[in-house]
Amino acid sequence: PAHHALFRQMPKAELHCHLLGSVRHATFAALARKSGAPMSTQEIDAFYIRGEKPVGVLKALRALDQYLLVSADDLYRITFEYLEDAAAHGVRYSEFFWNPTGTVRVSGIPYPEAQAAIVAGIRDAERDHGIIGRLVPSIDREADPAEAVAMVDWVTTHRVPEVVGIGMDYREVDHPPEWFATAYASARRAGLRTTAHAGEFGMPWPNVRTAVELLHCDRIDHGYTIVDNPELARQYAERGIVFTVVPTNSHYLRTLPPERWALDHPIRRMVQLGLAVHPNTDDPTMHNVTPTGAWQLMYTHLGCSIAQLRDFMLNGLRAAWIDGSTRDAWM
Ligand code: ES4
Ligand code: ZN
């Protein structure tokens, strides 16, 4: 396809990718065999079929916590493999999400051991592939908000430099952002940076505003429904708030035929409204997308120019939670 080599080679930052959504198909199958998970090959294959709805993906992620990830070594393996795969697509820097609540409460791996295994995977991937990984523990909004407060306590108690901030994910429907104000305030007091999934699943723009104004998020994951409030969009464009968007995975994308993406797609409208966006993969293996593909879609399907892609790269560097001297050396 046109420009494929360019999109692969361009140095990329990844700011919105879930560790469990990045598990290789073969590794998922191997972990299932090793753990004796009650899952057939067909069930596993179904998680990896192109175009699977996100509820299918979220089920796959729950299965990983419930059956497949049994030891800290498993977390080391999926971390190293994710970063290896990202590096092969020109990703030089990745801040990726991991949900400690499921790991600790469901998989039964204690937080300090789990975090240490992921950090070891980050360290070895940098040694072998030159990619810099940073960990973003993420609140599971389907769990009790008290678990979110507990998660922030684990992070602050076992603080390491590779952990740069927190996020919030899983199903936004019926789990509004305001439930998590205490956990976010506690994270910010501890000097952690913050982001949250908001305005996804068709959930309306007030969730985006709550994430910015009440949770004081530094950036927003998805945020598509902000296009329904152009005045708020204008304000956030002016404030330079970065939205980590996912061209393969918006609520709207699945309702629009590809020939209309360039016209009606919310990400395209976000760009037209002047919002700072940065394209990402979200759950790369399960959505059958690569970092190369995510950037390429912005060009081939969303009508963005190469000059705009350059702006998106700079948005990513601005939104990354790296210190100023590292960022200056890079830019
Ligand atoms: C997720 Cl809401 C959402 N979308 C995609 N992947 C996820 N992993 C956890 N929450
Ligand atoms: Zn996501």
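Per an unreviewed UniProt entry, the chain goes by Adenosine deaminase and derives from Variovorax robiniae. Recorded in UniProt under Cofactor (unreviewed entry), the annotation for the chain is "Zn(2+)".

The next subject is the overall build of the chain. Of the regular secondary structure elements, the chain holds 16 helices and eight strands. Taking 331 residues into account, the globule formula puts the C-alpha radius of gyration at 20 Å, and the chain, at 18 Å, falls close to it. Projecting the C-alpha coordinates of the chain onto the three principal axes gives extents of approximately 50 × 45 × 40 Å. Here the chain holds 331 residues, and the buried ones make up 47% of them. Taking the contacts inside the chain whose residues are at least 6 apart along the sequence as the reference set, 76% of them involve residues at least 24 apart.

Listing the buried residues of helix 10 (residues 206-213) in full gives Asn207, Val208, Ala211 and Val212. For helix 10, the buried positions fall inside an angular range of 135 degrees around the axis, keeping them on one side. Looking at the buried side of helix 10, the elements it contacts are strand 5 (193-198), strand 6 (219-222) and helix 11 (230-239).

Let's shift gears to helix 9 (residues 181-189). Among the residues of helix 9, Ala183, Tyr184 and Ala187 are the ones counted as buried. The buried residues of helix 9 all sit within an arc of 95 degrees when viewed along its axis, so they share a single face. Buried-residue contacts for helix 9 involve strand 3 (132-140), helix 8 (145-157), strand 4 (165-169) and strand 5.

The eight strands lie next to each other as 1-2-3-4-5-6-7-8, forming an open sheet whose pairing is parallel. One side of each edge strand has no neighbouring strand; the edge strands of this open sheet are strand 1 (12-14) and strand 8 (276-279). The average undirected angle you get between the axes of adjacent strands in this sheet is 25 degrees. Both strand 2 (residues 91-98) and strand 3 contribute to a ladder of six bridges, which runs parallel. Each bridged residue has a counterpart across the sheet, and for Trp98 the counterpart in strand 3 is Pro137. Relative to strand 3, helix 8 is tilted by about 150 degrees, and along the sheet it contacts strand 3 and strand 4. Sheet strands in contact with helix 10 are strand 5 and strand 6, and its direction is about 170 degrees off that of strand 5.

Near ligand 1 there are ten residues, and of these His18, Gly21, Asp169, Tyr170 and Asp283 occur at the shortest range. Of all the elements, helix 4 (residues 54-68) adds the most residues to the shell around ligand 1, at three residues. The residue inventory of the shell around ligand 1, partitioned by class, reads four nonpolar, three polar and three charged.

Of all hydrophobic cores here, the largest spans 91 residues; its most connected members are Ile220, Phe243 and Val277. No other element matches the eight residues that helix 5 (residues 72-88) contributes to this core. Ignoring sequence-local partners within four residues, the contact set of Val277 consists of Phe243, Val245, Ile267, Met270, Val271, Phe312 and Asn315.

Turning our eyes to something else, we now look at the pairing of strand 7 (residues 242-245). On any regular strand, side chains alternate: one points to one face of the sheet, the next to the other face. In strand 7, alternate side chains face the same way, and those of Val242 and Thr244 on one face and Phe243 and Val245 on the other are all buried. Looking at chain direction, strand 6 and strand 7 are connected through three bridges and run parallel. Within strand 7, the residue paired with Arg219 across the bridge is Val242. Following the backbone out of strand 6, through helix 11 and into the adjacent parallel strand 7, one traces a crossover that is right-handed. Bridge count between strand 7 and strand 8: four bridges; the pairing is parallel. Across the sheet, residue Val242 finds its bridge partner in strand 8, namely Ala276.

Cut-offs applied
- Residues numbered from 1 in each chain as written.
- Chains lettered and ligands numbered in written order.
- Predicted model: local features only at pLDDT ≥ 70, side-chain atom pairs only at ≥ 80, totals over all residues.
- UniProt positions renumbered as here; feature names shortened; annotations may be inferred.
- Helix = DSSP H or I, 4+ residues; strand = E, 2+ residues; numbered from the N terminus.
- Rg over C-alpha atoms; globule rule 2.2 N^0.38 Å.
- Buried ≥ 20, exposed ≤ 12 C-beta atoms within 10 Å, placed from the backbone.
- Contact = placed C-beta atoms within 7 Å.
- Arc of directions from axis to C-beta.
- Pairing = 2+ DSSP bridges.
- Axes fitted to C-alpha atoms, helices over the stretch in contact; angles between N-to-C directions.
- Near = placed C-beta within 6 Å.
- Nonpolar A, V, L, I, M, F, W, Y, C, P; charged D, E, K, R; others polar.
- Core = buried A, V, L, I, M, F, W, Y, C linked by C-beta atoms within 7 Å.
- Right-handed = clockwise from strand over helix to strand, strands pointing away.

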